[in-house]
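Here's the letter readout for the chains.
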Amino acid sequence: VRTRPLLSSVRAACKRKGRYTTSMSAVLYNPPAVSINSSRARSSSHRLNTSILKAASARTSAFKSRVQLTPCVSRAGGLAMAPDTRSKVMRSKVVTRDSAVGTAETSEDSPAPTSAFVVGIMWFFAHQLIGVGNDVIMKFTGQNLAVAQVVFLRFFFATLSMLPVMFASGLSSFKTDRVPLHIARSALLAGGIFGYVQGLTIAPIAVVTTLNFTIPLFTLVLAAVLLKEKVDATRWIGTLVGFAGVMVVVQPGGASFNPAWMVILLSAFLFASLDILNKVFVGKESFWAMIFYTALFTTLICAYPASLAWVAPTPLQYGLLAVLGGGANGLLFCLLKSFSMVDASALAPFRYTELILSASVGALMFGESIAMTTVLGAVIIIPSTLYVVWAENRKSKESSSEKAQ
């Protein structure tokens with residue numbers, strides 16, 4: 001759509017034959033009916049078509065190189081590959097002979113329409129509502145069933161709900177040559193979800209949600225240690241401030257300190273480790289294969305621990321856990337829809353409205369009260385993580401700009 005210099009001779013030939021278009025598809029698949037009686041004309045036509053194809057291929061490769069995928073760990077139990085909408089968006093207008101416009105226009109850096117932004121935010125809120133609903137189910141079922149059993153049934157039903165998607169995508173979607181990667185991701189995910197469910201059974205939902213906000217802080221530390229990424233002083237300060245907020249919530253050494261709450265921080269650490277693994281291996285496996293096999297191997301990993309403490313679930317519990325498994329994939333779907341419409345960095349501030357939802361649901365359904373230490377800790381953790389995420393996005397944007405140049 002941006003090869004006007006190469007298409008000038010094609011337009012001239014089309015005008016002579018009474019056929020005028022600037023659509024690339026029309027040029028490639030409906031070529032102008034020019035006379036090619038001489039060998040010289042045939043050679044010129046071949047060179048022109050070859051130039052058009054090469055230019056289109058180069059433009060496509062350049063566009064793909066600018067579009068980056070951002071790995072996002074979610075409680076859906078898989079990898080949410082969010083397209084980085086910071087990259088330039090190119091839109092073209094197909095011009096026909098009946099149109100008054102003579103050339104194709106291209107707009108770069110076009111802002112997303114307001115309606116698309118609103119719809120993207122609504123999808124993100126739907127993701128949060130499903131997430132809080134999943135928390136309620138896990139907290140409710142975890143009061144009577146073993147945590148390992150809840151995790152096992154969650155991923156068992158998540159695997160079953162993924163089968164129609166896999167078959168609809170074709171049998172080739174089942175192909176994978178990275179079984180060790182799937183097992184490693186599943187082990188980290190099983191540990192993270194186990195700690196998360198365990199935390200829900202011993203702490204208010206608002207506390208679990210607040211401490212779960214520390215995942216970006218742990219990710220920054222692990223990236224600096226394991227991936228040798230350079231972290232400037234301001235991001236280290238933001239991370240330290242965030243962990244200070246954790247101390248306010250947990251209150252180590254205080255009368256209300258509960259050592260069992262540390263399992264929630266361990267869960268956040270494992271989720272951050274999973275994020276690091278995704279950063280290393282992103283793009284080396286198909287998206288649907290990563291989602292399906294992660295759920296499958298997590299089910300297999302949790303099968304034995306669940307069998308040791310198995311209690312026959314009631315029909316109600318089976319129904320809730322089936323909803324939980326489907327909700328895990330529904331949560332991921334809503335998250336991807338929101339990322340397709342709104343930049344991931346623009347969605348970051350809205351993520352913390354989940355704390356309001358969690359606190360409200362906990363108070364209404366479980367009679368939980370919010371301690372002032374939780375509120376104060378959230379006031380410290382949320383701005384610090386927002387800054388760390390903002391600084392990381394700025395760094396990625398600068399790196400992308402340097403590569404483009």
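Note: the structure precedes this text.
Residues numbered from 1 in each chain as written. Predicted model: local features only at pLDDT ≥ 70, side-chain atom pairs only at ≥ 80, totals over all residues. Heavy atoms only, no water.

Caption draft 1: View of the packing of helix α6 (residues 179-202) against helix α11 (residues 287-308). Interaxial distance between α6 and α11 falls to 8 Å at its minimum, and their mutual angle equals 60°. In terms of orientation, α6 lies oblique with respect to α11. The way α6 lies across α11 gives a crossing that is right-handed. Across from Val179, His182, Ile183, Arg185, Ser186, Ala187, Leu189 and Ala190 in α6, the residues of α11 making contact are Ala289, Met290, Tyr293, Thr294, Phe297, Thr298, Ile301 and Cys302. Residue composition of the contact of α6 with α11, grouped by class: 11 nonpolar, 4 polar and 1 charged. (Axes fitted to C-alpha atoms, helices over the stretch in contact; angles between N-to-C directions. Helix = DSSP H or I, 4+ residues; strand = E, 2+ residues; numbered from the N terminus. Parallel < 35°, antiparallel > 145°, perpendicular 65-115°, else oblique. Left-handed = near helix turned anticlockwise from the far one by under 90°. Contact = heavy atoms within 4.5 Å. Nonpolar A, V, L, I, M, F, W, Y, C, P; charged D, E, K, R; others polar.)

Caption draft 2: View of the pattern of salt bridges. Going through the model one piece at a time under the given rule, you end up with 2 salt bridges. Taking the shortest distance from any N to any O, the salt bridge between Arg235 and Asp232 comes out at 3.7 Å. For Asp232, a relative accessible area of 33% corresponds to the partly exposed category. (Salt bridge = Lys/Arg side-chain N within 4 Å of Asp/Glu carboxyl O. Buried < 20%, exposed > 50% of the residue type's maximum accessible area, 1.4 Å probe, protein only.)

Caption draft 3: Spotlight on the nonpolar core. Formed by 51 residues in total, the largest nonpolar core has its most connected members in Met138, Val151, Ile193, Val197, Leu211 and Leu321. When residues in this core are grouped by element, the largest group, 8 residues, is from helix α5 (residues 147-168). Discounting chain neighbours no more than four positions away, the residues touching Val151 are Ile193, Phe194, Val197 and Cys302. Membership of the second largest hydrophobic core comes to 10 residues, among which are Met166, Phe174, Ala289 and Ile291. (Core = buried A, V, L, I, M, F, W, Y, C linked by side-chain atoms within 4.5 Å.)

Caption draft 4: Seen up close, the environment of Thr176. Mapped onto the fold, Thr176 is located in the loop between α5 and α6. A relative accessible area of 27% means that Thr176 is categorised as partly exposed. Taking C-alpha positions, Thr176 is 8.8 Å from Met290, a pair spaced 114 residues apart along the chain. At 3.1 Å, the side chain of Thr176 forms a polar contact with the side chain of His182. (Polar contact = N/O pair within 3.5 Å; in protein donor to acceptor, adjacent residues only side chain to side chain.)

Caption draft 5: Up close: the side chain of Ser384. Considering the arrangement of structural elements, one finds Ser384 in helix α15 (residues 372-404). A polar contact is formed between the side chain of Ser384 and the backbone oxygen of Ile380, at a distance of 3.2 Å.

Caption draft 6: Main features of the environment of Pro305. Here Pro305 is to be found in helix α11. Here the alpha-carbon distance between Pro305 and Ala146, two residues 159 residues apart in the chain, equals 9.4 Å.

Caption draft 7: A look at the packing of helix α8 (residues 215-226) against helix α9 (residues 233-250). At a minimum axis distance of 10 Å, the contact between α8 and α9 shows a crossing angle of 135°. Viewed along their axes, α8 and α9 adopt a mutual orientation that is oblique. Crossing angle aside, the handedness with which α8 passes α9 is left-handed. Residue-level inspection shows Leu217, Phe218, Leu220, Val221 and Ala224 of α8 in contact with α9, the latter providing Arg235, Trp236, Gly238, Thr239, Gly242 and Phe243. Residues belonging to the contact of α8 with α9 are distributed by class as follows: 7 nonpolar, 3 polar and 1 charged.

Caption draft 8: Main features of unusual backbone geometry. Even without a glycine there, the phi angle at Lys228 is positive, about 60°. Summarising the element assignment, Lys228 is placed in the loop between α8 and α9. On the accessibility criterion, Lys228 (66% relative accessible area) is exposed.

Caption draft 9: Spatial organisation of the side chain of Asn134. Structurally, Asn134 is set in helix α4 (residues 114-141). By relative accessible area, Asn134 is classed as buried at 5%. Setting aside residues no more than four positions away along its own chain, Asn134 makes contact with Leu324, Gly327, Ala328 and Leu331.

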